[in-house]
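# A structural walkthrough
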Amino acid sequence: MTIPASTHVGRLYLESRHLPAAQGGGGDIHDAMATPFGIRLLIGDVMGTGPAAHGTGLSVLNAWRELACTETSLAGIAVRLHALIARSEHPERFVTALLVNFPASRDLAEDADPVSGSRAELVCCGHPPPLLLRGGSAAFIEPYPAPPLGFLDLVGGGCQASMFPVGAGDQLLLYTDGVSEARDAAGRFFPLADRTAQALPPISPAADGPHLLDELVASLADHVGHRVTDDVLLLLASMRLAAAWHARPARKRQRVRAGLMSSGRTGSRVAWPATTLR
């Protein structure tokens, strides 16, 4: 139910860490597909843990892998997955899900601005919002909200997509509520944005040193101690530069990198705005 711990899919470099809370697998799912519409990611969390949640997760993944290559819109995929759950033998076993579509390489023209020239699509169904990592900062993206898959009928059976700008060097951190809702002995939630910003490498994602996801897993373990009760899943997607971009004059590359930088390396609690597709 997992992609490899690290792999390339088109211009995306993907890395994951998955720690099930129970034997026999859990309800956290994730996948990546190169499709005619772009590179599509899924992360989800089935209600419950153990073999029952694992089975529901497999059903969702199998359907996703077919729909990702044939359905033109992410919202359409979400609606179809919702119908699968709502009509199943266990309709009460809802699934929170986050679906992302990165533009196909042909849409990333050589002369496009790496900061604002490309936009990724996002559909969020009851799932924690992703973190956009750029220039040493970490900020939550605020998508258009919808209920979990299995509960979309509460809002008329549909959902809406949002768009956000992406550029070379940007990273998107997806995760499940086993991360965001983890508490310490005093009941305090794990400060994901702050810990992520603190763990970011000072120069680039390829810099030597402890890996971001490994640092987050270690920090999460220190935060919760022995109180792990839910599956933990982290998925990091990094936008790689095209070969043509590397060949640009150094002055132009420096200007673009400067555009990606921001002041300070602190976690942001201000949501990164996303444009809603209605």
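Just above sits the structure.
We now turn to the structure provided with this report. Remember, it's a predicted structure, so these values are computed and weren't measured experimentally.

From N to C terminus, the chain includes seven helices and 13 strands. Each of the 278 residues in the chain was classed as buried or not, and the buried ones make up 49%. Here the analysis covers contacts within the chain between residues at least 6 apart in sequence; of these, 75% occur between residues at least 24 apart. Here the chain displays about 12,800 Å² of accessible surface, and carbon together with sulfur accounts for 55% of that area.

The subject of this paragraph is the environment of tyrosine 144. Looking at where tyrosine 144 falls in the secondary structure, it is placed in the loop between strand 8 (137-141) and strand 9 (161-166). For tyrosine 144 and valine 123, which are 21 residues apart along the polypeptide, the C-alpha to C-alpha distance reads 7.3 Å.

All right, on to the nonpolar core then. Ranked by size, the top nonpolar core spans 26 residues in total, and within it Trp64, Leu99, Val123, Cys125, Leu149 and Cys159 carry the most contacts. Broken down by secondary-structure element, the contributors of at least two residues to this core are strand 3 (28-35), strand 4 (38-46), helix 1 (50-67), helix 2 (74-86), strand 5 (95-102) and strand 6 (118-125). No other element matches the six residues that helix 2 contributes to this core. With residues near it in sequence (within four places) discarded, leucine 149 still touches Ala78, Leu81, His82, Ile85, Phe94, Val95, Ala97 and Cys125. Membership of the second largest hydrophobic core comes to 23 residues, among which are Leu14, Ile141, Val166 and Leu172.

Bringing the side chain of arginine 93 into the picture now. Summarising the element assignment, arginine 93 is placed in the loop between helix 2 and strand 5. By relative accessible area, which is 14% here, arginine 93 ends up buried. A distance of 3.4 Å separates polar atoms of two side chains, one belonging to arginine 93 and the other to threonine 56. For arginine 93, the residues in contact, after removing those within four places along its chain, are Val46, Met47, Ala52, Ala53, Thr56 and Ile85.

Thresholds, definitions, all that
Here, residues in each chain are numbered from 1, in the same order as that chain's written sequence. Selection of residues for local features in this predicted model requires a pLDDT of at least 70, selection of side-chain atom pairs for listing and counting requires 80 or more, and totals for whole chains, interfaces and linings are taken over all residues. Excluded from the side-chain calculations are hydrogens and water; all other atoms, namely the structure's heavy atoms, are used. Secondary structure counts use DSSP, requiring at least four H or I residues in a row for a helix and at least two E residues in a row for a strand, with both numbered from the N terminus. Under the scheme applied here, a residue whose accessible area is under 20% of the maximum for its type counts as buried, over 50% as exposed, and between as partly exposed, the area being computed with a 1.4 Å probe on protein chains only. For this analysis, residues touch if any pair of their heavy atoms sits within 4.5 Å. Residue exposure ignores everything except the shown protein chains as possible cover, and the areas themselves are Shrake-Rupley values with a 1.4 Å probe. We define a nonpolar core as any set of buried Ala, Val, Leu, Ile, Met, Phe, Trp, Tyr and Cys residues linked to one another through side-chain atoms lying within 4.5 Å. By the criterion applied in these results, polar contacts are pairs of N or O atoms within 3.5 Å in which, for protein atoms, one can donate a hydrogen and the other can accept it, and in which residues neighboring in sequence qualify only through two side-chain atoms.

Don't take any of this as a statement about function, it's just geometry.
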